[in-house]
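In case you want the letters, here they are:
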Amino acid sequence: MGYWKKAVILTASFWMLTGCVQQSRQAEYVGIDAAKAIAMAAADVSENTATFTTAELEERNGIAYYDIDFSVDGKEYEYDIDAISGKIIENQSEHIDSVAADSSVASTTDTTANTASNGQVTIENAKEIALQHAGLSSDTVTFVKEKLERDDGRQKYEIEFYTSDFKEYDYEIDAATGDILSFDYDAEQYASTETGSTITEEKAKEIALAQVPGATIEDIYEWEVDYDDGRLQYEGKIYDADTQYEFTIDGYSGAIRSWEAEVLRR
């Protein structure tokens with residue numbers, strides 16, 4: 001067996017083992033929804049009155065925990081909850097008026113409250129939008145991040161989740177309109193063996209263009225043949241209308257290893 005082939009197999013095996021360990025470990029966690037329920041129970045509030053701004057998995061000093069932030073009736077709550085035991089590690093709350101001196105905090109909180117009360121986009125809405133776009137259902141994925149952030153004056157939700165077969169999805173969704181601002185797809189694992197034959201550049205381009213309805217070969221404006229740990233891959237970018245797509249395609253199986261889409265600022 002040649003050096004490069006050994007390297008490819010060893011590398012793929014390492015990442016497969018790493019991914020299995022990480023997901024096996026996360027399988028022990030209580031989950032974001034349970035952590036949110038724990039926080040709301042501790043605050044003695046109900047889910048239909050809470051507006052969540054952050055719900056994500058974090059790690060500090062080797063301890064995995066959920067960062068849960070929400071507001072109810074002019075009061076902000078912040079909880080850190082142990083990811084395995086569900087125990088509340090730390091919590092604090094304060095009235096929004098008490099932080100009015102911090103204009104950025106006040107602005108974010110007020111906008112969040114207005115969005116929820118107007119029946120527009122909530123974190124749950126954003127999760128549904130992301131799942132529908134990915135063609136997945138909530139019972140087939142594990143969410144690791146649900147967060148409201150402000151970027152260049154625009155509020156957006158960051159939604160991240162993964163599937164049981166090592167696919168990771170990251171979405172940015174406009175908090176006012178529900179539009180998908182960007183999304184990333186990463187196949188953390190892909191076929192680690194190959195027959196020795198490769199797909200052609202033309203075939204790889206066809207695979208990429210098939211993901212963007214109406215796109216043609218002229219819409220590919222960057223293209224590169226590359227090797228990752230000795231494994232052939234094709235990288236490129238497609239520009240279509242107001243969206244930029246960046247992708248990596250495995251040179252043997254034709255599998256899309258990564259796919260990013262970004263809606264350019266209108």
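Reading the values: the criteria
- Residue numbering note: each chain is counted from 1, following its sequence as written.
- It should be noted that, the model being predicted, local features are given only for residues of pLDDT at least 70 and side-chain atom pairs only at 80 or more, the latter also being counted only at that level, while totals for whole chains, interfaces and linings use all residues.
- For the side-chain quantities, the full set of heavy atoms in the structure was used; hydrogens and water were omitted.
- Under the scheme used here, helices are H or I runs from DSSP no shorter than 4 residues and strands are E runs no shorter than 2 residues, and both carry numbers assigned from the N terminus.
- A simple rule labels every residue: compare its accessible area, found with a 1.4 Å probe on the protein chains alone, to the largest value its type can have, and call it buried under 20%, exposed over 50%, or partly exposed in between.
- Note on contacts: a residue pair is in contact if any heavy atoms of the two residues lie within 4.5 Å.
- Residue exposure ignores everything except the shown protein chains as possible cover, and the areas themselves are Shrake-Rupley values with a 1.4 Å probe.
- One speaks of a salt bridge when a side-chain nitrogen belonging to Lys or Arg is within 4 Å of a carboxyl oxygen belonging to Asp or Glu.
- Pairing between two strands requires that DSSP report at least two bridges joining them.
- The axes are straight lines fitted to the C-alpha atoms, using for helices just the contacting stretch, and the angles between their N-to-C directions are given from 0 to 180°.
- For our purposes a nonpolar core is just a set of buried Ala, Val, Leu, Ile, Met, Phe, Trp, Tyr and Cys residues, chained together by side-chain atoms within 4.5 Å.
- Given the number of residues in a helix, its expected span is that number minus one, multiplied by 1.5 Å.
- Throughout, the arc means the angular range of directions from the helix axis out to the C-beta atoms.

1. Digging into the overall build of the chain
And step 1. Along the chain, the regular secondary structure elements total five helices and 12 strands.
And step 2. Here the chain, with 266 residues, has 42% of them falling under the buried criterion.
And step 3. For the chain, the share of sequence-separated contacts (at least 6 apart) that also reach a separation of at least 24 residues comes to 44%.
And step 4. Roughly 14,400 Å² of accessible area belongs to the chain as shown, and the carbon and sulfur atoms make up 47% of that amount.

2. Observations concerning the pattern of salt bridges
And step 1. The final tally for this structure, using the stated rule, is 17 salt bridges.
And step 2. A salt bridge links Glu172 to Lys156; the shortest N-O distance between them is 3.2 Å. Residue Glu172 is located in strand β7 (residues 167-174), and its partner Lys156 is located in strand β6 (residues 154-163); the two are separated by 16 residues in the primary sequence.
And step 3. The exposure class assigned to Glu172 is partly exposed, which follows from its relative accessible area of 24%.

3. Section: the sheet that holds strand β9 (residues 220-228)
Pairing between the strands of a sheet is mediated by backbone hydrogen bonds and can be parallel or antiparallel.
And step 1. With respect to topology, 12 strands assemble into an open sheet ordered β4-β3-β2-β1-β5-β6-β7-β8-β12-β11-β10-β9, the strand pairing being antiparallel. Taken across any chain shown, the strands that pair with only one partner, and hence form the sheet edges, are β4 (88-95) and β9. This sheet shows a mean twist of 15° between the axes of neighbouring strands, independent of strand direction.
And step 2. Taken together, the 10 bridges between strand β5 (residues 141-151) and β6 define a ladder with antiparallel strand orientation. Of the residues in β6, the one forming a bridge with Leu148 is Tyr157.
And step 3. In the packing of helix α2 (residues 32-43) onto the sheet, contacts are made with β1 (51-60), β2 (63-72), β3 (75-82), β4 and β5, and the angle to β2 comes to roughly 55°.

4. Description of the nonpolar core
And step 1. By size, the foremost hydrophobic cluster in this structure holds 56 residues, and its most contacted members are Ile68, Phe70, Phe161, Tyr171, Ile238 and Trp259.
And step 2. In contact with Phe161, other than residues within four places in its own chain, are Ala130, Leu131, Ala134, Leu136, Val141, Thr142, Phe143, Val144, Lys167, Glu168, Tyr169 and Tyr171.

5. Considerations on α2
And step 1. Taking 1.5 Å per residue, 12 residues should reach 16 Å; α2 reaches 17 Å between its end C-alpha atoms and fits that length.
And step 2. Buried residues of α2: Ile32, Ala35, Lys36, Ala39, Met40 and Ala43, and no others. Looking straight down α2, one finds that the buried residues subtend no more than 135° of arc, so they occupy a single side. Of the residues in α2, the exposed ones pointing more than 90 degrees away from the buried face are Asp33 and Ala41.
And step 3. Looking at the buried positions of α2, the neighbouring elements they touch are β1, β2, β3, α4 (123-134) and β5.
And step 4. Directly beyond the C-terminal end of α2, a positive phi value near 60° is found at Asp44.

6. What to know about α4
And step 1. The end-to-end C-alpha distance of α4 is 17 Å, a good match for the 16 Å that 12 residues give at a rise of 1.5 Å each.
And step 2. Of the residues making up α4, those classed as buried are Ile123, Ala126, Lys127, Ala130, Leu131 and Ala134. All buried residues of α4 project into a common sector of 130° when viewed along the axis, lining one side. The exposed set on the far side of α4, more than 90 degrees from its buried face, consists of Glu128 and Gln132.
And step 3. On its buried side, α4 packs onto α2, β1, β5, β6 and β7.
And step 4. Of the residues one or two after α4, Gly135 is the one with positive phi, at around 70°.

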